[in-house]
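If you want the building blocks of each chain, they are given just below.
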Protein chains: 2
Amino acid sequence: MHYERPQFFHVMQYAASADRDVVDMVSGNPDWEPPTALRDGLREYADASPDEFQYPPSEGLRELREEIAARRNVDADRIVVTNGTGEANYLAMAAALDRDAGSEVLLTDPVYPYYPGKTELFDAAATLVPTERDGSIDPAQFREAADEETALILVNTPNNPTGAVYSRETMAELAAIAEEVDATLVADEVYDHFDFTGEFESALTLDSDRVIVTTGYSKSMAITGFRVGYAVLPDHLVDAAKTRHMLVNVATSRPPQVAVLNALRETGPDYYADVRAMLRERVATFTDALDAAGAEYTTPDGAFYVLARFDGFPGTMANAKRLIDEAGVAGMPGETFGSARDEWLRFALVTPRAEEAAERLVDYFG
Amino acid sequence: MHYERPQFFHVMQYAASADRDVVDMVSGNPDWEPPTALRDGLREYADASPDEFQYPPSEGLRELREEIAARRNVDADRIVVTNGTGEANYLAMAAALDRDAGSEVLLTDPVYPYYPGKTELFDAAATLVPTERDGSIDPAQFREAADEETALILVNTPNNPTGAVYSRETMAELAAIAEEVDATLVADEVYDHFDFTGEFESALTLDSDRVIVTTGYSKSMAITGFRVGYAVLPDHLVDAAKTRHMLVNVATSRPPQVAVLNALRETGPDYYADVRAMLRERVATFTDALDAAGAEYTTPDGAFYVLARFDGFPGTMANAKRLIDEAGVAGMPGETFGSARDEWLRFALVTPRAEEAAERLVDYFG
């Protein structure tokens, strides 16, 4: 078995060991404050009795699952709390592939590189389906690619790296295609709190037992290191996911579950709205500078990434390193996201220095 | 694929929903205080800056890996910090099975039920090798069972459920057998701090590149819910384990890693010695009562479980439930640990009410 190892850490390490000051726009690590109640929850938990330091239920703390169930309007039994959205995707893919309903996985191009990596882990075959220039999906392309070998369609909306937000109609079409070929649709919605269109709707609203939704608190609560996510599975797949979760991880760590539960209960919509407003501003500043640098770029409808294309400077790993060394800006090479964006670089707007980075890009390319 | 789901949670749920007061001796959840420095570490972390809430390195916090490396006298590059010993075993088994060196897993009988469960997860075949009446291993039995199809020998020492501590000679023999048939030896040493013989030696001291050691802080720091463990792998297997860890979990949760690191640094040997002394006392009290109840039992050399056999009351799930309902004591049925101890029940000495439980057993069986 050969694993494709995602390159994020490689680029981050290169940037961290550079001889000069580098603005890190590689990672998906938020730089803003988590909810106050998250810190409170953790502080309070530090004084809990020893029994609260022991195994939580394998599928997640009951109160957390019930809180999620109420917010998402689903049965709590369909929820597995996971070690971040990463494990949620791992369980979702396993559940879809273990049905013996084929071994092909349809992904978008460009693609979040963990998806083909995980596909290899399962000895399945990834097929990358092209997306439009603006990042949107044409369901006809998926219908054409889907056949009886297709076990799984996996998409990320709002999308990393394109910033596209797929419409409810698109997601309904993908669910219908999954049904037609006896496959499962997995919607990774980890950026669901970063929708700038106001039109994003979760795939949980689709009336289909073919749909798994995965998400987590890494981005919405600015805690990528806490590793709390969850999957909502249809009844016929949830037991397999719970069992695998138990056999792989036993349970998700309890302190971060407690902290997230407290933050869920105590944090109002203003927290999330303020972060969105700040990100909108960063996007505007950054793309203005890209205009000045003569670059082509995407303006994200969601998530917090901007793809940019500089003439004569394709998105190779070598160029990403050159940009670190020569311009002091670290971005991800587009070639690591499939083949569709290998002319592009991806910049994550998770630094207060986005404006400074933009100025450096203007100096370098302008 | 069919998964065998471990029965711990089933028995615990049955006990929790019983109509009467029940002494829980099912779980492996310590009931004693974690190290003070663990609470301190968590409390301090609650005030950390947002960047300390983001992804730790996938293989674990550098300072934690270096602390472990120094204590265990191994290269930090060989260490992967995992979501508890459970994930460490999952990664270790995957690394051994992904070598295409066979698909048979040799386990002991009795066996910790997660091992055959994980074996099924990998579509591998488990062979249970009998142990002696006192729980010790006769390496000749493993040599007889091992052949070219054997990919992995997996043992737990100090042992759950027998309380046996395998000698260094035994472990060296198992490593030699692994070498002979091109297999890997995994030593799960999660109970390494609960050795009552003073003679336990880690398999890390064996001079062999066939050995993976897994362990964690769930038991030694009384934090089964924190999910911090690690695997130490030989150079030729460590990259595969790190990649799988990244693809399944991205990283281990950071708050518990920080708390464990602080506890490792600040906790002296007295903490562990005090817990051992308390457990010795519980073992003595409990086994005295078992004498009074006319039961046969094991006196553990390590870990914190006692196996007991009551005449005419075999260790079935039905009898475990009967004992909950009729005696108010919850233990694990021996039949869930393979076939060798299906006459026995396992009692975990992780309750201050062990003496009370023993009295109830005397009343019921005496």
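Keep in mind it's a predicted model, so treat the numbers as computed, not measured.

Asker: Is there a simple way to think about the overall build of chain A in this case?
Answerer: On a plain count of helices and strands, chain A comes out with 12 helices and 13 strands. Summarising its shape, the C-alpha atoms of chain A cover approximately 55 × 55 × 40 Å along the three principal directions. When burial is assessed residue by residue, chain A has 64% of its 366 residues classed as buried. When the accessible area of chain A is evaluated, it comes to approximately 12,700 Å², of which 43% is carbon and sulfur surface.

Asker: So what exactly am I meant to see when it comes to the sheet that holds strand β2 (residues 79–82) of chain B here?
Answerer: Note on sheets: strands pair through backbone hydrogen bonds, and any given pair is parallel or antiparallel. Residues and elements named next belong to chain B. Within the open sheet, the seven strands sit side by side as β2-β8-β7-β6-β5-β3-β4. Their pairing is mixed. The outermost strands of the open sheet, each flanked by one partner alone, are β2 and β4 (125–130). The sheet shows a mean angle of 20° between the axes of neighbouring strands, taken without regard to direction. One ladder, built from four bridges, connects strand β6 (residues 184–188) with strand β7 (residues 211–216); its direction is parallel. Bridge pairing links V186 to I212 in β7. Against the sheet, helix α3 (residues 62–72) contacts β2, β7 and β8 (229–232), and its axis sits at roughly 120° relative to β2.

Asker: Would you take a moment to explain the domain arrangement of chain A for this structure?
Answerer: Many analyses report the size of an interface as the accessible area lost when the parts associate. Residues and elements named next belong to chain A. You can read the domains of chain A as domain 1 (8–34 + 269–365) and domain 2 (37–266). Put simply, the middle of domain 1 and the middle of domain 2, counted by C-alpha atoms, are 25 Å apart. On the domain 2 side, the residues contacting the 32 residues of domain 1 number 32 residues. At the junction of domain 1 and domain 2, the tally comes to two salt bridges. The shortest N-O distance in the salt bridge between E296 and R133 comes to 2.8 Å. Where domain 1 meets domain 2, there are 16 residue pairs in polar contact (both at pLDDT 80 or more).

Asker: Sorry, what's going on with a negative patch on the surface here?
Answerer: Residue and element names in this part refer to chain A. A contiguous patch of negative charge on the surface is contributed by D75, D77, E179, D207, D209, D235 and D239. Mapped onto the elements of the fold, E179 is located in helix α7 (residues 168–180). Taking relative accessible area as the criterion, E179 reaches 45% and is therefore assigned partly exposed.

Asker: Mind showing me how you'd approach the sheet that holds strand β9 (residues 296–297) of chain A here?
Answerer: Residues and elements named next belong to chain A. Taken in spatial order, the four strands line up as β9-β10-β13-β12 in an open sheet, and their pairing is antiparallel. Each edge of the open sheet carries a strand with a single partner, namely β9 and β12 (332–333). Examined bridge by bridge, β9 and strand β10 (residues 305–309) share two bridges and lie antiparallel to one another. Bridge assignment links E296 to a residue of β10, and that residue is R309.

Asker: Can you walk me through the relation of the copies chain A and chain B in this structure?
Answerer: Each of the two chain copies can be brought onto the other by rotation about an axis and movement along it. You can overlay chain A on chain B at an RMSD of 0.0 Å; the transform is a turn of 180° with a shift of 0.0 Å along its axis. When the rotation and shift are considered jointly, the pair of chain copies conforms to a two-fold rotation axis. Every residue of chain A has its C-alpha some distance from the rotation axis, and the shortest such distance is that of A:R43, at 2.6 Å. Of all interface residues in chain A, 100% are interface residues in chain B too; the two copies therefore contact each other through one and the same surface.

Asker: What should I look at first to understand the UniProt feature "domain: Aminotransferase class I/classII large" (unreviewed entry) in chain A in this one?
Answerer: Mapped onto the present numbering, the UniProt feature "domain: Aminotransferase class I/classII large" (unreviewed entry) falls at residues 21–353 of chain A. Segment residues 21–353 of chain A splits into 38% helix and 17% strand. End C-alpha atoms: 12 Å apart.

Asker: When you look at the nonpolar core in this model, what are you seeing that I'm missing?
Answerer: In globular proteins that are soluble, nonpolar side chains generally tend to be buried together. With 91 residues, the main nonpolar core has A:L233 and B:L233 as its most contacted residues. When near neighbours in sequence (up to four residues on either side) are disregarded, A:L233 contacts A:R78, A:V80, A:A95, A:I212, A:V238 and A:A241. Ranked by size, the runner-up nonpolar core spans 88 residues in total, among them B:F226, B:A263, B:A303 and B:V329.

Asker: Is there a simple way to explain the pairing of β7(B) in this structure?
Answerer: The side chains of a regular strand alternate between both faces of the sheet. Residue and element names in this part refer to chain B. With six of six residues buried, β7 lies mostly within the body of the structure. The two faces of β7 match: V211, V213 and T215 on one face and I212, T214 and G216 on the other face are all buried. The pairing of β7 with β8 spans four bridges and is antiparallel. Following the sheet pairing, T215 is matched in β8 by Y230.

Asker: Sorry, what's going on with the pairing of β2(B) here?
Answerer: All names here are of chain B. Across the two faces of β2 the burial is the same, with I79 and V81 and V80 and T82 all buried. Direction of pairing for β2 relative to β8: antiparallel, over a ladder of four bridges. What sits directly across from V80, in β8, is A231.

Asker: What exactly am I supposed to notice about the packing of helix α4 (residues 84–97) of chain A against helix α5 (residues 114–121) of chain A here?
Answerer: Axes are the key here: two packed helices are described by the angle between their axes and the distance separating the axes. Residues and elements named next belong to chain A. Axis separation between α4 and α5 bottoms out at 11 Å; the angle between their running directions is 45°. Of the possible angle classes, the one that applies to α4 and α5 is oblique. Considering the relative orientation of α4 and α5, their crossing is right-handed. Listed contacts from α5 to G86, N89, Y90 and M93 of α4 are Y115, K118, T119 and L121.

Asker: Could you clarify how one ought to interpret the packing of aromatic side chains in this entry?
Answerer: The relative placement of two aromatic rings is captured by the distance of their centres and the angle of their planes. Scanning the entire structure with this criterion turns up 40 aromatic pairs over all chains. Judged by centre distance (5.0 Å) and plane angle (40°), the rings of B:Y45 and B:F53 are tilted. Geometrically, the ring pair formed by B:Y217 and B:Y230 is tilted, given 6.0 Å between the ring centres and 40° between the ring planes. Of the two residues, B:Y217 sits in the loop between β7 and β8 while B:Y230 sits in strand β8, which places them 13 residues apart along the sequence. B:Y230 shares its class with B:Y217; the two are buried. An aromatic cluster of three or more residues is present, and its members are A:F286, A:F310, A:F313, A:F347, A:Y364 and A:F365. Between the NZ or CZ atom of A:R341 and the centre of the ring of A:W344, over which it lies, the distance is 4.8 Å.

Asker: Even after reading the chapter, I still don't get the environment of A:V275, so can you show me in this structure?
Answerer: All names here are of chain A. By the secondary structure assignment, V275 is in helix α10 (residues 269–292). We classify V275 as buried; its relative accessible area is 7%. Residues within four places of V275 in sequence aside, it is in contact with W32 and F194.

Cut-offs and rules
Residues numbered from 1 in each chain as written. Chains lettered and ligands numbered in written order. Predicted model: local features only at pLDDT ≥ 70, side-chain atom pairs only at ≥ 80, totals over all residues. Heavy atoms only, no water. Helix = DSSP H or I, 4+ residues; strand = E, 2+ residues; numbered from the N terminus. Buried < 20%, exposed > 50% of the residue type's maximum accessible area, 1.4 Å probe, protein only. Areas by Shrake-Rupley, 256 points an atom, 1.4 Å probe, with all protein chains shown as cover. Pairing = 2+ DSSP bridges. Axes fitted to C-alpha atoms, helices over the stretch in contact; angles between N-to-C directions. Contact = heavy atoms within 4.5 Å. Domains from an automatic or database assignment. Salt bridge = Lys/Arg side-chain N within 4 Å of Asp/Glu carboxyl O. Polar contact = N/O pair within 3.5 Å; in protein donor to acceptor, adjacent residues only side chain to side chain. Patch = residues over 30% accessible without salt bridge, like charges linked within 9 Å, V, L, I, M, F, W, Y side chains within 5 Å. Lys, Arg positive; Asp, Glu negative; His and termini not counted. Charge placed at Lys NZ, Arg CZ, Asp CG, Glu CD. Least-squares fit on C-alpha atoms with pLDDT ≥ 70 in both. UniProt positions renumbered as here; feature names shortened; annotations may be inferred. Core = buried A, V, L, I, M, F, W, Y, C linked by side-chain atoms within 4.5 Å. Parallel < 35°, antiparallel > 145°, perpendicular 65-115°, else oblique. Left-handed = near helix turned anticlockwise from the far one by under 90°. Phe/Tyr/Trp six-rings, centres within 6.5 Å; stacked < 30°, edge-to-face > 60°. Lys NZ or Arg CZ within 6 Å of the ring centre and 35° of its normal.

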